[in-house]
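Coordinate analysis (summary)
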Amino acid sequence: MDLLNELNTEQLEAVSNTEGPSLVIAGAGSGKTRVLTYRIANLLCKGVPANKILALTFTNKAAAEMKKRISQLVGFENATNLWMGTFHSIFSRILRYEAEKLGYTPNFTIYDTQDSKNLIKAILKDLQLDDTIYKANDVLGRISMAKNNLIVADAYQQNERLISTDIAAQKPRIHEIYKYYQIRCKKSDVMDFDDLLLQTNILLRDFPDVLTKYQEKFGYILVDEYQDTNYSQYLLIKRLSERHRNLCVVGDDAQSIYSFRGARIENILKFRDDYPNYKLYKLERNYRSSGTIVDAANCIIEKNKEQIPKKLYSENEAGEKIKILKSLTDKEEGVQITGEISKLAYYEQQNYSDFAILYRTNAQSRILEEALRKRNIPYRIFGGLSFYQRKEVKDLIAYFRLVVNPNDEEAFKRIINYPKRSIGDSTIEKLRAVAVKNEVSLWAVLCNIDQLNGYINGATITKLDNFCKLITRFALNLETENASDIACRIAEGSGIIEDLSNDDTPEGVSRKENIQELLNAIKDFSETAYKEDTNDKLPAFLENVTLLTDQDKDYGADINCITLMTVHSAKGLEFPNVFIVGMEEELFPSKQSAESPVALEEERRLFYVALTRAQKRVIISYSCSRYKNGKVTSPPPSRFIGEIKAEYLDGFVMQRRDNQEYFAQTRSFADRLNQQPNRPIASPRISARPAESAFSSATAARIPEPDRSNLTELDANDIIPDMVLVHPIFGAGKVVSIDGLGVNRKARVLFKNGEVKTLLLKFAKLYK
DNA sequence: CTCTTCCAGCTTTTT
DNA sequence: GCTGGAAGAG
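Residues numbered from 1 in each chain as written. Chains lettered and ligands numbered in written order. Predicted model: local features only at pLDDT ≥ 70, side-chain atom pairs only at ≥ 80, totals over all residues.

For sheets, the rule is that strands pair by backbone hydrogen bonds, running either parallel or antiparallel. Taken in spatial order, the 6 strands line up as 3-2-6-7-1-8 in an open sheet, and their pairing is parallel. Bordering the open sheet on either side are strand 3 (83–86) and strand 8 (279–283), each of which pairs with just one other strand. The sheet shows a mean angle of 15° between the axes of neighbouring strands, direction not considered. Both strand 1 (residues 22–26) and strand 7 (residues 247–251) contribute to a ladder of 4 bridges, which runs parallel. Note that in strand 7 the partner of I25 across the bridge is G251. Relative to the sheet, helix 5 (residues 87–98) contacts strand 2 (53–57) and strand 3, its axis offset from that of strand 3 by approximately 120°. (Pairing = 2+ DSSP bridges. Helix = DSSP H or I, 4+ residues; strand = E, 2+ residues; numbered from the N terminus. Axes fitted to C-alpha atoms, helices over the stretch in contact; angles between N-to-C directions. Contact = placed C-beta atoms within 7 Å.)

Structure below.
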């Protein structure tokens, strides 16, 4: 097979030994995806039928990308029948198929986190519990934790450790909330995210014939990012692979950053206990980053205790040192970083898409955005509210959900009074009371609304009846009409479009665009399904919509933009230049992880992930003060900077005064000998001041501030001496002289900061 | 029932 | 500093 020639020795080993249990430890940038895709391609080439291969990933994006690459290797037809996808999407597929065995219908709804939280809030109200003590977030966290450890509500109540923890936290009734939560989900024909894994486990446990069927079916199982699996996922993999034992898991314990959502790093550390005859492959050569970056990353990860021994190395050239930028305020940090990006983009003629700014928390993005906008640097930002979490999108989807599954309680409550129909809380309370008494869903009450005459006043009954008829009318052609047609009918008929049309604010317009975009997506779905002769009906569209996220949407990677995202969401990606910003104590590592050594190790792995995203250059930045929750804080620079050997750093001045403790651990030997406080470890960059600055500073000061809202781009030939113009990086300036002809035409420009620059007009974008 | 105002909360995130 | 949710006024 030709494919195998494109791999190094270790990769080849991992790809060609397809039988038996294998653990592939794949360091950052070592070709992990390559191994997985080639291994699957290899299986297909050997004649293994695609539908006998199960490949599990953590994001839809990873699955889609792998499928694409496999198609390129062995042809589309071969790849299309692979069982490849996220844990949740694969198991929801199985669950829909087997739903009736567990007492659900094949059209069950999947609640997202917000739905789950709302349900918990409703239960808290029913139980008359104080929601300042029982916070929906915390309660959901406990339930989620239990589910991920396969503890059902009954078992929770029996579990002394859990119960005593809850009592100690002054929340003794969590088990009760859990119980009602589960009852109501079942009644609404609903599973939450954790159920998709938990219920599959129950299915495989209670129905041995089902277990056998899937064990037989999946001759080969592959798992990506194994270090991020939780117990529920771990057990599913273990069960399903028991028969053929052809299980290949790929991961990197050094990149485990999701323990806060139940991931168990020990799954990868203890693989050998479950599969004593396993084969171990280590991919330690990094192809992505410069030598300096890999060495620096190694400095960091060495400080962690629990890990599989390995040493990442790079044969790329050492490259630049890691530059450290210091700012006095968070605002200045933004200005410095964008300035640096402008400079690099300009002098090295790099594309904006070659840059990424990574931060620890989403809240940091705002200031950076402002700075980028000021400099007219295009950017795209990940995280924050995703498309499918927007209110208007969720509203319309709630209509779809209710039409497909009228028992969906959260969808019902969301739209019963949207757009406004004058059906308020007290009416819904009455409906709820009837529903609880008769042990039926809200929808069932609505269907027999005329029986409540007298209990609810006549005008309201009419309104409720109208709503009921509206939804029933939408549902008429559910099985015959395609998803796109019915979706458009709902968008119009529900009054959503009209409601949004009344709003002329930019936000309102954008909401309408989002609705249009959703309708386009459905249209696309229907057309594709029609072409490929698969199900093009609304229930089929809805099946996976909760499992979709923004990350899956193709943002047009070809657009020349800077990328802004959290370190978490950068995992798996790479960029030539990476800025890691906000490197301060209490932020990175986060404040809440500072006390726990285990949490601190995870933060360190997170920093390791950040560093290893970079191919050529890393720039780390910290600020001496920062707004946090409305208050100014001034934490010292992150201890992680000091954990990198000084020889890899450029421009870091240790601040002894600020934090004795980790300064003492990290300052250099030479520094201690010299006993000079605040002596730079590496020489700081000295910015060369042009000679002209002295005489021209007065002129420079007289250059007016540009009106940024009113800029027109200048043609190179229109630029003449004494002209005042604006440069996107350096700001306002005055042309001192022009020389050169044609493509060599250059301008010497005096800028407001007193510097004179020579600009090649062919490249420079200048504005009037 | 609806609109406004006030108050609490706040890592990370996929599914 | 910003957001979402709940309470209170109209």
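All of the buried residues in helix 24 (residues 483–493) are A483, S484, I486, A487, I490 and A491. Buried positions in helix 24, seen along its axis, are confined to an arc of 165° and lie on one side of it. Tucked into the core, helix 24 has its buried residues touching helix 19 (391–404), helix 23 (458–475), helix 25 (496–501), helix 26 (506–531) and helix 27 (538–545). Once helix 24 ends, the next one or two residues include G495, with phi positive near 90°. (Buried ≥ 20, exposed ≤ 12 C-beta atoms within 10 Å, placed from the backbone. Arc of directions from axis to C-beta.)

Attention now goes to helix 11 (residues 193–206). With 14 residues, helix 11 extends 20 Å from end C-alpha to end C-alpha; this agrees with the ideal 20 Å at 1.5 Å per step. The buried count for helix 11 comes to 10 of 14 residues, which makes it a mostly enclosed element. Every buried residue belonging to helix 11 is among F193, D194, D195, L196, L197, L198, Q199, T200, L203 and L204, and all of these are buried. The inward-facing, buried residues of helix 11 contact helix 5, helix 7 (136–148), strand 5 (190–192), helix 12 (208–217) and helix 13 (231–241). (Expected span 1.5 Å × (residues − 1).)

Here helix 24 crosses helix 27 at 80°, and the two axes come no closer than 8 Å. As the angle between them shows, helix 24 and helix 27 are arranged roughly perpendicular. Every residue of helix 27 that contacts helix 24 at A483, I486 and A487 is listed here: L538, A540 and F541. In terms of residue class, the contact of helix 24 with helix 27 is built from 6 nonpolar, no polar and no charged. (Parallel < 35°, antiparallel > 145°, perpendicular 65-115°, else oblique. Nonpolar A, V, L, I, M, F, W, Y, C, P; charged D, E, K, R; others polar.)

With that settled, the discussion passes to the protein's contact with DNA strand C. In the region of DNA strand C, the neighbouring residues are K121, Y627, N629 and G630. Split by residue class, the surface near DNA strand C holds 1 nonpolar, 2 polar and 1 charged. (Near = placed C-beta within 6 Å.)

This part is about unusual backbone geometry. Of note, the bond from Y418 into P419 is cis; its omega dihedral lies within 30 degrees of zero at -10°. By the secondary structure assignment, P419 is in the loop between helix 20 (409–415) and helix 21 (425–438). With an omega dihedral of 10°, the bond running from F588 to P589 counts as a cis peptide bond. Structurally, the position occupied by P589 is in the loop between strand 15 (575–580) and helix 29 (597–611).

Attention now goes to the nonpolar core. Ranked by size, the top nonpolar core spans 136 residues in total, and within it I357, L358 and L611 carry the most contacts. The dominant element in this core, judged by the number of residues it contributes, is helix 2 (residues 32–45), at 7 residues. Sequence-distant contacts of L358, that is, excluding residues within four places in its chain, are made with M565, V567, A570, V578, F579, I580, A610 and R613. In terms of nonpolar packing, the next biggest core, distinct from the first, is built from 37 residues, F467, A487, I490 and F525 among them. (Core = buried A, V, L, I, M, F, W, Y, C linked by C-beta atoms within 7 Å.)

Another point: the pairing of strand 6 (residues 220–223). What you see with strand 6 is no split at all: Y220 and L222 on one side and I221 and V223 on the other are buried throughout. Relative to strand 6, strand 2 is paired through 4 bridges, and the arrangement is parallel. Its bridge partner being in strand 6, I53 is matched across the sheet by Y220. Note: strand 6 against strand 7, 3 bridges, orientation parallel. Looking at strand 7, one finds that L222 is bridged to C248. Each parallel crossover has a hand, and the one from strand 6 via helix 13 to strand 7 is right-handed. (Right-handed = clockwise from strand over helix to strand, strands pointing away.)

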